[in-house]
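Observations on the model geometry
Chain by chain, the residues:
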Amino acid sequence: MEKMIGIISANYSNSRMEGLTDNRSIASLPFGAQYRMIDFALSNFVNSGITSVGAVIPAQSRSLLDHISFGKNWRLDRKAGGLFFLPESGYRKDRSKINYILHDLSKNKEFLLRSMARYVAYSCTHMVYNIDYDKIADYMKETGADLCLIGAKNFRNYEYCLKLSADRNGRIKSITKKPKENDYAFVASFVMRRELLLSLVEASDVTDNRTFLDIVIGNLKNWDVRLYEHTGYVGHIGSVGDYYRCSLDLLKETVHREQFFSDRHIMTKIHDNAPTRYYKSATVKNSLINSNGNIFGTVENSIVFRNVYISEGAVVRNSIILPGGRVGQNAVVENAIVDKKCIVNDGSIIRGTETSPYVLRKGK
Amino acid sequence: MMKKECIAMLLAGGQGSRLGALTKHIAKPGVSFGGKYRIIDFALSNCMNSGIDTVGIMTQYRPLLLNSYIGTGAPWDMDIPNGGITVLPPYATSSSFKWYQGTADAVYQNIDYINQYNPEYVLILSGDHLYRMDYSAMLEEHKKNNADLTISVIEVPWKETSRFGIMTANEEGRVVKFSEKPENPDSNLASMGIYIFNWNVLKKALTEDHSAKQTAHDFGKNVIPKLLDEGKNLFTYEFNGYWKDIGTIDSYYDACMELLDPSSDLGLFNPYEGRIMSNLTNHAPAYIGPSAKVKDSIVCTGCEVFGEIEHSIISIDVVIGEGSKIKNSIVLPGVRIGKDACIENAIVAENVKIGENVKFGSKKEISVAGDDLEEAK
């Protein structure tokens, strides 16, 4: 019998991504030279032994569905369990960007009902991390906790997350705003007893505009709600600046080893491509480079996705080139994000700053 | 089983002993090529691109790694309920057990497998060739000619004809003579070891060959000459693309290094037509370090490169330590090279570990590192 099932909110987006999420939710946002944001949640669940995953998907989800397909690349194309797409409820979607997970789940109750698992793991898709949910389930079993909120300290822009205050036993006493240095900040992921979550879903009223966390705060006294600390890397992506800086974080050995080169590495849709060619004029340093690239120019401190063409004399520095991007001869791309299949013309200069990267949007 | 018009029988049993350390632990079709491929990818991808969805793969030498690489055939769209890939090792019946005695004997022993599909045509392939070909075009010609057997041929330089089985054909393409490794050839059309037979003709020929007295049970040496003598309709199919059967370390090295030439004919870097597919597991993007240099080379995903790479091929899942210099070399999958090593004009075999400060390779010839190497103390 399965111990734990997983739920992912892949229907969230925000308006601070400067065009990168115009036609995609954050879940489909390409990240790390090879991945899409949802790969982190999916892989973490599968690496933790979870074999049934429900993904709440937005109404517009062509690229997401194309990426995930039957879940085979995450070992979720299976008879027992597998991947389930849960259409979102659309509750208040036009008015706010808040995640109303209970409404989404109440439209998809079947996913919670069909399982006998004791626990449900939940993850958002705007965080980069490598979490072992199995350890959390064990901790919950030991302590008898109802709900375990995952927190971390001092990651990028933690100030915009919720502050989790816990006592010496790890029991959460309050959930407030504006965490400070060394406070625990909520990473939008938790593990909960399935039956408890189901009871919330069944009790949720179509007119109820409370969020999941509103309800948790109201129940801190009668539930056993604990804090679980995640000590690994946390990449919090709340804006295009965050996306840019978290991408460049991957160039640090500790970060990319933890995410991509460990036993519990992040999995993604496999694109069966030819290997990348580095020509005589190529100069590449401190960069992540994916497949089927043609590199004639200079690439430094950058993230280069698949099928990218960097012409002779071109200089790409501190930048992110998404799949199919093309940088022309003698062009300069610095502190920039070049979206999918965009072309930087010969001799062009596109330059942003470290805090404010330049985004070359799709269709330009 | 559902009837199929044409199925493929792929010979993957050979050792390729002249490839030395490269085939110590794996059969020749399983040898890595071009960084992320294995030689058998070519024949399998060609089947996939030609609309052939049923392939029997006859293994014999060291099949373990090859079998797990082939898996269910999913990477070549052959993970299907009716047909798909079936690995065929030699097996015991209640009366006997025999290793495959020759190419024809291997197919003979699998007549039952072929009969399941009751095909009109059987395509015989080898798993150790590098080429991209549409077999359906060859089948079209086979049908048009009303042939019993069609043999794919390629023009080879006249001075090399003594290495091949040479076909002499008339203007219609009908085979009039077959010469095995001739001294004085009258044609330079070499047999590629790719045949399309009418199944009933093949079945009869294999059965007769099985009980014949003096035979090596070989297609080229025995079955085909006999069919020619019997006056069967044998036709050639001329193939004009890149085709290589890499039999030696030097020819393997040359074929790999050709990929670094932008005008390489193998067309691996062609986006859509006849793509070669591999069985890939998840690999991270390649990480090129702060003091690395990569020039005139191929570096695959799943690698961490901290050293200097020049005119070389670095396969998937390789780590190259800081200060190391790799030149004119081929590093196969899974290799770990420590700091400050120096590798030149060499092939480093799969999963080999090269320790710090090791110097390997000479200017005169291609060396192969088949075992772990540590710095001499």
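Quick caveat: nothing in here was measured; it's all calculated off a predicted structure.

Before going further, it helps to examine the overall build of chain B. Of the regular secondary structure elements, chain B holds eight helices and 28 strands. For 377 residues, the compact-globule estimate of 2.2 N^0.38 gives 21 Å, and the C-alpha radius of gyration of chain B, at 22 Å, lies within 12% of that figure. In terms of principal-axis extent, the alpha carbons of chain B reach across some 65 × 45 × 40 Å. Residues classed as buried in chain B amount to 56% of the 377 residues present.

Turning next to the environment of Tyr37(B). With respect to the secondary-structure elements, Tyr37(B) resides in strand S3 (residues 37–38). Given the relative accessible area of 2%, Tyr37(B) is considered buried. Counting along the chain gives 23 residues from Tyr37(B) to Gly14(B), while the straight-line C-alpha distance between them is 19 Å. Non-local contacts of Tyr37(B), meaning those with residues more than four positions away in its chain, are made with Asn273(A), Ala274(A), Pro275(A), Val31(B), Ser32(B), Leu268(B), Ile276(B) and Ser278(B).

One pass over the full model with this rule turns up 40 salt bridges over all chains. Ionic pairing is found between Asp132(A) and Arg264(A), a salt bridge with its closest N-O pair at 3.6 Å. Taken as a pair, Asp132(A) in the loop between strand S7 (127–128) and helix H5 (133–143) and Arg264(A) in the loop between helix H9 (253–260) and strand S14 (276–278) lie far apart in primary sequence, 132 residues in all. Taken together, the shared-partner salt bridges connect Lys204(B), Glu208(B), Lys226(B), Glu230(B) and Lys232(B) into one network.

A cluster of acidic side chains, namely Glu322(B), Asp340(B), Glu356(B), Asp372(B) and Glu374(B), defines a negative patch on the protein surface. If you trace the backbone, Asp372(B) turns up in the segment after strand S28 (367–369).

Take the interface of chain A and chain B next. Often the size quoted for an interface is simply the accessible area lost on bringing the parts together. Taken residue by residue, the interface counts 38 residues in chain A and 36 residues in chain B. Summing both partners gives a buried area of about 2,800 Å² for chain A against chain B, and 52% of it is carried by carbon and sulfur. Considering only the side of chain A, the residues that lose the most area to chain B are Asp272(A), Pro275(A) and Tyr278(A), jointly responsible for 24% of the buried surface there. For the pair chain A and chain B, the interface holds four salt bridges. Between Lys36(B) and Asp272(A) there is a salt bridge, with its nearest N and O atoms 2.6 Å apart. Taken together, the links from chain A to chain B amount to 18 residue pairs in polar contact (both at pLDDT 80 or more). Of all the secondary-structure elements, those providing two or more residues to the side of chain A that touches chain B are H9, S14, strand S15 (283–285) and strand S16 (287–289) of chain A. Along the lines of polarity and charge, the residues of the side of chain A that touches chain B split into 16 nonpolar, 15 polar and seven charged. Summarising the sheet, S16(A) and strand S14 (residues 286–288) of chain B pair through three bridges and their orientation is antiparallel. Of the residues in S14(B), the one forming a bridge with Leu288(A) is Tyr287(B).

Before going further, it helps to spend a moment on helix H7 (residues 219–229) of chain B. Count 3.6 residues to each turn of an α-helix, and residues three or four apart come out pointing the same way. Most of H7(B) sits out of view: eight of its eleven residues are buried. Downstream of H7(B) by a residue or two, Gly231(B) has a phi angle that is positive, lying close to 80 degrees.

Attention now goes to the sheet that holds strand S24 (residues 342–344) of chain B. The strands making up a sheet associate through backbone hydrogen bonding, with each pair oriented either parallel or antiparallel. Residues and elements named next belong to chain B. Overall, parallel pairing links the five strands, which are arranged S15-S18-S21-S24-S27 in an open sheet. Each of the sheet's edge strands pairs with one partner strand only, and the pair in question is strand S15 (293–295) and strand S27 (359–360). Where strand S21 (residues 325–327) meets S24, three bridges bridge the pair, whose relative direction is parallel. Among the inter-strand pairings, Lys325 is bridged to a residue of S24, identified as Cys342.

Residue and element names in this part refer to chain A. Turning to H5, its buried residues are Tyr133, Ile136, Ala137, Tyr139 and Met140. Buried positions in H5, seen along its axis, are confined to an arc of 160 degrees and lie on one side of it. Seen from the open side of H5, the exposed residues pointing more than 90 degrees away from its buried face are Lys135, Lys141 and Glu142. Summarising the contacts, the buried residues of H5 are in contact with strand S1 (4–9), helix H1 (38–47), strand S6 (119–123), strand S8 (147–153), strand S11 (184–193) and strand S12 (225–229). One side-chain oxygen of the residue at the start of H5 lies 3.0 Å from the amide nitrogen of Asp134, identifying that residue as Asp132. Note on H5: the residue one or two positions beyond its end, Gly144, has a positive phi of about 75 degrees.

Let's shift gears to the packing of aromatic side chains. Taken as a whole, this structure holds 24 aromatic pairs over all chains when the rule is applied. The interplanar angle of 75 degrees and the centroid separation of 5.6 Å between the aromatic rings of Tyr113(B) and Tyr117(B) together place this pair among those described as edge-to-face. With Tyr113(B) and Tyr117(B) both in helix H4 (residues 111–117), this residue pair falls four residues apart, about one helical turn. The class of Tyr117(B) is buried, set by a relative accessible area of 2%. Note on Tyr195(B) and Phe219(B): the rings are 5.6 Å apart at their centroids and 45 degrees apart in plane angle, and the pair reads as tilted. Of this pair, Tyr195(B) sits in strand S11 (residues 189–198) while Phe219(B) sits in helix H7, and the two are 24 residues apart along the sequence. Looking at Phe219(B), the relative accessible area reads 2%, which means it is buried. Through successive ring pairs, a cluster of aromatic residues spans Phe31(A), Tyr35(A), Phe40(A), Tyr243(A) and Phe260(A). Across the ring face of Tyr309(A), the terminal group of Arg326(A) is positioned such that the distance to the ring centre comes to 4.0 Å. The aromatic ring of Tyr69(B) is capped on one face by Arg38(B), whose charged end is 5.5 Å from the ring centroid.

A regular strand places its side chains so that they alternate between the two faces of the sheet. All names here are of chain B. Of all the five residues making up strand S12 (residues 234–238), four are buried; the element is thus mostly covered by neighbouring parts of the structure. Bridge count for strand S8 (residues 149–155) against S12 is five bridges, and the pairing is parallel. Along S12, the bridge assignment pairs Leu149 with Leu234.

As a further point, take the pairing of strand S4 (residues 52–57) of chain A. All names here are of chain A. Burial runs high along S4: six of the six residues are buried. Across four bridges, the pairing between S1 and S4 is parallel. Across the sheet, Ile7 pairs through a bridge with Gly54, a residue of S4. Two strands pair when backbone bridges link them, and S4 and strand S5 (residues 82–87) are joined in this way by six bridges, in the parallel orientation. Bridge pairing in S5 links Gly54 to Phe84. Running through helix H2 (residues 62–68), the crossover from S4 to the neighbouring parallel element S5 is right-handed.

With that settled, the discussion passes to the packing of helix H6 (residues 199–211) of chain B against H7(B). Residues and elements named next belong to chain B. Relative orientation of the contacting elements H6 and H7 amounts to 115 degrees, with a least axis distance of 10 Å. As for how H6 packs across H7, the hand of that crossing is right-handed. Residue-level inspection shows Val201, Leu202, Ala205, Leu206, Glu208 and Asp209 of H6 in contact with H7, the latter providing Phe219, Asn222, Val223, Lys226 and Leu227. Here the contact of H6 with H7 is built from residues that sort into seven nonpolar, one polar and three charged.

The rules behind each value
- Residues numbered from 1 in each chain as written.
- Chains lettered and ligands numbered in written order.
- Predicted model: local features only at pLDDT ≥ 70, side-chain atom pairs only at ≥ 80, totals over all residues.
- Heavy atoms only, no water.
- Helix = DSSP H or I, 4+ residues; strand = E, 2+ residues; numbered from the N terminus.
- Rg over C-alpha atoms; globule rule 2.2 N^0.38 Å.
- Buried < 20%, exposed > 50% of the residue type's maximum accessible area, 1.4 Å probe, protein only.
- Contact = heavy atoms within 4.5 Å.
- Salt bridge = Lys/Arg side-chain N within 4 Å of Asp/Glu carboxyl O.
- Patch = residues over 30% accessible without salt bridge, like charges linked within 9 Å, V, L, I, M, F, W, Y side chains within 5 Å.
- Areas by Shrake-Rupley, 256 points an atom, 1.4 Å probe, with all protein chains shown as cover.
- Lys, Arg positive; Asp, Glu negative; His and termini not counted.
- Charge placed at Lys NZ, Arg CZ, Asp CG, Glu CD.
- Buried area = accessible area lost by both parts, 1.4 Å probe.
- Polar contact = N/O pair within 3.5 Å; in protein donor to acceptor, adjacent residues only side chain to side chain.
- Nonpolar A, V, L, I, M, F, W, Y, C, P; charged D, E, K, R; others polar.
- Pairing = 2+ DSSP bridges.
- Arc of directions from axis to C-beta.
- Phe/Tyr/Trp six-rings, centres within 6.5 Å; stacked < 30°, edge-to-face > 60°.
- Lys NZ or Arg CZ within 6 Å of the ring centre and 35° of its normal.
- Right-handed = clockwise from strand over helix to strand, strands pointing away.
- Axes fitted to C-alpha atoms, helices over the stretch in contact; angles between N-to-C directions.
- Left-handed = near helix turned anticlockwise from the far one by under 90°.

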